[in-house]
Each structure stands twice: as C-alpha cells, then as structure tokens.
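Now for the letters of each chain:
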Amino acid sequence: MTVAHFICEYLREHELRLTTAESCTAGQIVTLLAEVPGCGSLIESGYVVYSPEAKQRLLGVSPRTIEMFNLTSREVAEEMVLGALHDANANAAVATTGILGPDDMDGIPAGTVCFAWAFDVNGQRALFSRQERFFGSRGQVQLWAAEHALLQLRHFHQRALAGERR
C-alpha cells in the first residue's frame, strides 16, 4: 500500500477533508492523493505558491514573517497552513516550504523543508510544524517531502485528537 493509499483511508475513516499550501512540493501532495481512486472527494483544494507575493496574497502570510524568518521557515509554513485552512471548506491542512537544491540558498542548506499541519477538531484549532532535511536530487527531495507531509498528517491529527494544540 502506498503512502497516499494509506492516508486516503485515514482521511476517510476520520471524516477529514484536506487542503494544501505547497511551495517546494509544487502540488506533489495533491497529485499523490489524486492518483488514488476515490480520494478526490477528500481533497478540498490545493494552493501552489512559490513567490512571497503569492504567499501573502493567497494565504495571508505576513511580509514581516517572511522578512524576520525567511521564506523557508516553520513560521512561514504555519501562516501558510492557517491561511489555506481559513479559506477552505476543510478540517485538515498541510503546508510545505523549502529549498530543494542542488544549491544552498540564503544560508539554508539544500534539502531543508519546513512543514506545518493544522486541524479543526471539536471547534478547536491545532497547529504543528517541523523542519526536516532530505538528501538527494531535486526530484527525490520533492517526492520525499510530499510523502513525509502525508505520513505525518496522521501522527499530528492523532495528537490533535488527544487534545494537543501545538
């Protein structure tokens, strides 16, 4: 069973509807899910936002957050995921922003990806974020980051169900 199949089953079992805000994964998360028959009904929307302007305009990311923390930061990923969830008819969201490589950028090592997950659970919002580093080609890093985002969705949703909010 693929990661996407596993997560589609999880989304269905827990009555989750997902929205994504993807920068470095460029829609790969939605693509992986959409390849699973019947999973399309579990996807509400997917934003692909590369530029700072798009992150600000479409997801409400603060220019100050970008200036203070850089585009590749947990703080930006958190604002991206909250912006996507706010705008969507969904109760789960995931966001990615990072440097695929092959070169480092702005002092951030290639392969660094920041993730955020948000959930609406029993009228409460839960928000989690992490930074990871992957080693490989651009394509490998992009795929691994997308799969990681999906795999961790279950983990953080379980934490949200247990009452954790951050």
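Here is what the cut-offs are and how they apply
The numbering scheme is per chain: residues are counted from 1 as the chain's sequence reads. This being a predicted model, a pLDDT of at least 70 is required before a residue's local features are given, and a value of 80 or more before pairs of side-chain atoms are given or counted; all residues contribute to the totals for chains, interfaces and linings. Only heavy atoms go into the side-chain values, all of them from the structure, while hydrogens and water stay out. Should DSSP find at least two bridges between two strands, the strands are regarded as paired. Where helices and strands are cited, they refer to DSSP runs of H or I of at least four residues and of E of at least two residues respectively, numbered from the N terminus. Every crossover in which the path from the first strand over the helix to the second runs clockwise, viewed with the strands pointing away from the viewer, is termed right-handed. Helix axes use the C-alpha atoms of the stretch in contact, all axes being lines fitted to C-alpha atoms, and the angles between their N-to-C directions lie in the range 0 to 180 degrees. For this analysis, a nonpolar core means a set of buried residues of the types Ala, Val, Leu, Ile, Met, Phe, Trp, Tyr and Cys, connected via side-chain atoms within 4.5 Å. Exposure classes here rest on a 1.4 Å probe applied to the protein chains alone. A residue is buried below 20% of its type maximum, exposed above 50%, and partly exposed in between. We call two residues contacting when some pair of their heavy atoms lies within 4.5 Å.

- As annotated in an unreviewed UniProt entry, the chain is CinA family protein from Pseudomonas bijieensis.

### Structural notes on the pairing of strand β2 (residues 43–48)
Consideration 1: In this structure, strand β1 (residues 18–22) lies alongside β2, joined through 5 bridges in parallel fashion. Paired with Ala 21 across the two strands is Tyr 47, which belongs to β2.
Consideration 2: Regarding topology, helix α2 (residues 28–34) serves as the crossover connection from β1 to the parallel β2, and that connection is right-handed.

### Regarding the sheet that holds strand β5 (residues 124–133)
Consideration 1: Strand order in the open sheet formed by 5 strands is β2-β1-β3-β4-β5, and the pairing between neighbours is mixed. Only two strands of the sheet have a single neighbouring strand rather than two, namely β2 and β5. Strand after strand, the sheet turns through a mean of 10 degrees between neighbouring axes, direction not considered.
Consideration 2: The pairing of strand β4 (residues 112–121) with β5 spans 10 bridges and is classified as antiparallel. Paired with Phe 115 across the strands is Arg 130, a residue of β5.

### Considering the nonpolar core
Consideration 1: Judged by nonpolar contacts, the single largest core of 34 residues is most densely connected at Leu 33, Val 113, Phe 115, Trp 117, Phe 119 and Phe 128.
Consideration 2: For this core, the elements supplying multiple residues, two or more each, are α1 (3–13), α2, β3 (92–98), β4, β5 and α6 (138–161).
Consideration 3: The element that contributes the greatest number of residues to this core is α6, accounting for 8 residues.
Consideration 4: Other than its neighbours up to four places away in sequence, Phe 115 contacts Ala 77, Ala 95, Thr 96, Phe 128, Ser 129, Arg 130, Glu 132, Phe 134, Ala 145, His 148 and Ala 149.
Consideration 5: Counting residues in each nonpolar core, the second largest holds 21 residues, with Ala 54, Ala 84, Ala 93 and Leu 127 among its members.

### Notes on the environment of Pro 63
Consideration 1: Of note, Pro 63 is situated in helix α4 (residues 63–69).
Consideration 2: On the basis of relative accessibility, which here comes to 48%, the residue Pro 63 falls in the partly exposed class.
Consideration 3: Note: C-alpha distance between Pro 63 and Glu 53 (10 residues apart in sequence) is 8.6 Å.

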